[in-house]
Amino acid sequence: MPLLANHIAVVTGAGAGIGRAIAAGYAREGARVVVLDINMDAAAETAQQILNAGGKAESFALDVTKRNDCVAMAKQVADRVGAVSILVNNAGIVGRNGMTGADDAVIRDWENIIAVNLNGVFNVTHAFLPALRANKGRIVNIGSIQSFLHLRTPSSPAYTASKHGVLGFTRALAAELGKDGVRVNAIGPGFIETAINEKVRASNPELVKTFLSHTPLGRTGKPEDLVGPAIFLASDLAGYVTGAILMADGGYLTV
Ligand code: NAP
């Protein structure tokens, strides 16, 4: 029996990278996947890939920063797809401007990153919460190494603050929703090769080398490296796991 049979799983930011890989992995484990992304075409492409592989998927455009749209999406998914039991809050963006950069750049980073990475997680979770509580749901939030420390990749303080916030939100929700049988966990990816860090990888190979010298497994991650942890946390295999963050960082945080 596949690990996620009979589940309906919503994945945000699933038009690319880690979200796309998790959506595909969930479909392989029998879930019907609701692919959401700010980019409609990218979401549709992920859903098509899942359908082509014999899985079940639908796609919708959703900008997680738009609270009312999140509420409308939860209703639309309930009406058109069914009762959601898994939510992966994956949509996220980065910024590279430090606090001492140009004012407009620092402020833009702060507002945009907090809007997507933190408010977006709240908006989508709040919108789908009635369904998740009714279905003993599972929430998987995508944190980061930067849920614990600041990386000078370079990275905006807003990104570090947002990912610390995602971990805090994960723990708060786990504490509050345990009585409803809802489990809430996070995954902490390390350096995963996606569009989010494409420019850094191309422009600063030295930085990647430095990062890898601090990574016991000695390689960067691929989106597929997140799939196993995401399936585990959403499945009954993790039935007594809540409030945890599962690092998928090649061991970065251990050294
Ligand atoms: P990615 O390849 O850029 O994918 C992110 C997806 O989210 C894109 O499809 C993006 O669409 C979408 N998105 C952006 N803003 C959105 C919004 N407002 N509403 C809905 N969707 C939105 O990045 P990724 O590396 O897979 O990142 C996924 C998650 O992993 C993020 O939370 C990121 O912080 C986290 N993470 C990544 C790494 C890493 O090394 N890659 C490490 C730690 C944590 P557009 O492309 O159209 O903007």
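In case you missed it, the structure is sitting above this.
Summary of the structure given here. Residue positions within a chain follow its written sequence, with the count starting from 1. At least 70 in pLDDT is required for a residue's local features to be given in this predicted model, at least 80 for side-chain atom pairs to be given and counted, and no such filter applies to totals for whole chains, interfaces and linings, which use all residues. Side-chain numbers come from the whole structure's heavy atoms, not from hydrogens or water.

All right, on to the nonpolar core then. Nonpolar cores were defined as sets of buried Ala, Val, Leu, Ile, Met, Phe, Trp, Tyr and Cys residues, with membership established by side-chain atoms within 4.5 Å. Throughout this description, buried means an accessible area under 20% of the type-specific maximum (1.4 Å probe, protein chains only), exposed means over 50%, and partly exposed covers the range between. With 30 residues, the main nonpolar core has Tyr 26, Val 33, Val 35, Val 88 and Ile 187 as its most contacted residues. No other element matches the six residues that helix H1 (residues 17–28) contributes to this core. Leaving out residues up to four positions away in the same chain, Val 35 has contacts with Val 11, Ala 14, Ala 23, Ala 43, Thr 46, Ala 47, Ile 50, Glu 58, Ser 59 and Phe 60. Counting 27 residues, the second-largest nonpolar core is a separate cluster that includes Ile 8, Leu 36, Val 84 and Val 182. In this text, helices come from DSSP runs of H or I with a minimum length of four residues, and strands from runs of E with a minimum of two, each type numbered from the N-terminal end. Here, residues are in contact when the closest pair of their heavy atoms is within 4.5 Å.

We call a residue near a molecule or strand when any one of its heavy atoms sits within 4 Å of it. Around the ligand, 29 residues are found, and the nearest of them are Ile 18, Asp 37, Asn 90, Tyr 159 and Thr 194. Between Ile 192 and the ligand, the recorded distance is 2.8 Å, taken from a backbone N or O atom to an oxygen atom. For the ligand, the protein covers 86% of the area, taking 880 Å² as the surface of the free molecule. When contributions to the shell around the ligand are tallied by element, the ones reaching two or more residues are H1 and helix H5 (157–177). Under the rule applied, a polar contact is a pair of N or O atoms within 3.5 Å (in protein, one hydrogen donor and one hydrogen acceptor; residues adjacent in sequence only if both atoms are side-chain atoms). Each accessible area is a Shrake-Rupley result for a 1.4 Å probe, and residues are judged covered by the shown protein chains and nothing else.

Attention shifts here to the environment of Ile 86. For Ile 86, the location among the structural elements is in strand S4 (residues 86–89). Sequence separation of Ile 86 and Ile 139 is 53 residues, and the distance between their C-alpha atoms is 5.8 Å. Not counting residues within four places of it along the chain, the set of residues in contact with Ile 86 comprises Leu 4, His 7, Ile 8, Ala 9, Val 10, Tyr 26, Leu 132, Arg 138 and Ala 234.

Only rings of Phe, Tyr and Trp enter the pairing, Trp through its six-membered ring, and a pair is recorded when the two centres are within 6.5 Å. The plane angle decides the type: under 30 degrees is stacked, over 60 is edge-to-face, the rest tilted. One pass over the structure, following the stated rule, counts three aromatic pairs. Between the aromatic rings of Phe 211 and Tyr 252, the centroid separation amounts to 4.6 Å while the plane-to-plane angle is 20 degrees, which identifies the pairing as stacked. Residue Phe 211 is located in helix H7 (residues 205–213), and its partner Tyr 252 is located in the segment after strand S7 (245–248); the two are separated by 41 residues in the primary sequence. An identical accessibility class is assigned to Phe 211 and Tyr 252; each is buried. Three or more aromatic residues joined by ring pairs form one cluster here, namely Phe 191, Phe 211 and Tyr 252.

Keep in mind these values describe shape, not function.
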